[in-house]
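# Observations on chain architecture
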Amino acid sequence: MNEIIELSERMWEANRNGDAAFFDHFLTAEPVSVSPWGVMTDRAAILKGFAENRNPYIRTDQSDHRVIRLTDDSLVHTSLVEIDVLVNGTEKQTVRYHATTALIRQDGEWKAAVFQVTPAGA
């Protein structure tokens, strides 16, 4: 479980830094991302979004981690994430999401196949 939590922390750090190269390596060939607004995106759109980093995250604090192993090579990680985001690069807002990532092990490495972020209650 610690390995997955550490990987999740690296993922959120890469998100804060607009590190599209991290996600290029971390994502499966055909990942899906579902935004809090129900918008589904594919690999190209995900990488473009991280590279542009238009609404940068300046703080991402995770808690309430759960790792659900599906098979030896697949699992689901969930956490509660509190995020400080600069909307349009200037207006700071704090949001809370339940983040879910489905991961599969490929060539000995965990890769993200599905991301979903859902608004968390107060």
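Our subject is the structure that appears above.
We now turn to the structure provided with this report. (Residues numbered from 1 in each chain as written. Predicted model: local features only at pLDDT ≥ 70, side-chain atom pairs only at ≥ 80, totals over all residues. Heavy atoms only, no water.)

## A look at the overall build of the protein
We count it as follows: Put simply, DSSP marks the helices as runs of H or I at least four residues long and the strands as runs of E at least two long, and each gets a number from the N terminus on. The globule rule used for comparison is 2.2 Å times the number of residues to the exponent 0.38, while the radius of gyration itself is calculated over C-alpha atoms. Exposure is judged per residue with a 1.4 Å probe applied to protein chains only, and the accessible area is read against the type maximum: over 50% gives exposed, under 20% gives buried, and values in between give partly exposed. Contact definition: two residues touch when any of their heavy atoms are within 4.5 Å. The method behind every accessible area is Shrake-Rupley, applied with a 1.4 Å probe, and residues are considered shielded solely by the protein chains displayed. For the charge count, each Lys or Arg is scored as positive and each Asp or Glu as negative, with His and the chain ends excluded. Every charge is mapped to an atom, namely NZ of Lys, CZ of Arg, CG of Asp or CD of Glu.
If you tally the helices and strands in the protein, you get three helices and six strands. Counting helices and strands in the order they occur from the N terminus, the protein gives α-α-β-β-α-β-β-β-β. By the compact-globule yardstick of 14 Å for 122 residues, the protein fits well, its C-alpha radius of gyration being 14 Å. Over its C-alpha atoms, taken along the principal directions, the protein stretches across nearly 45 × 30 × 25 Å. Among the 122 residues that make up the protein, the fraction classed as buried is 41%. When contacts within the protein are restricted to residue pairs at least 6 apart in sequence, those whose partners lie at least 24 apart make up 51%. Of the accessible surface of the protein, which amounts to about 7000 Å², a share of 50% is contributed by carbon and sulfur atoms. When the 12 positive and 18 negative side-chain charges of the protein are each reduced to one mean point, those points stand 3 Å apart.

## Considerations on the pattern of salt bridges
We apply this condition: Salt bridge criterion: a side-chain nitrogen from Lys or Arg within 4 Å of a carboxyl oxygen from Asp or Glu.
Scanning the entire structure with this criterion turns up nine salt bridges. When the shortest N-O distance is used, the salt bridge between Asp84 and Lys92 registers 3.8 Å. By relative accessible area, which is 8% here, Asp84 ends up buried. Ionic pairing is found between Glu109 and Lys111, a salt bridge with its closest N-O pair at 3.7 Å. When salt bridges that share partners are traced, they join Arg59, Asp61, Glu82, Asp84 and Lys92 into one network.

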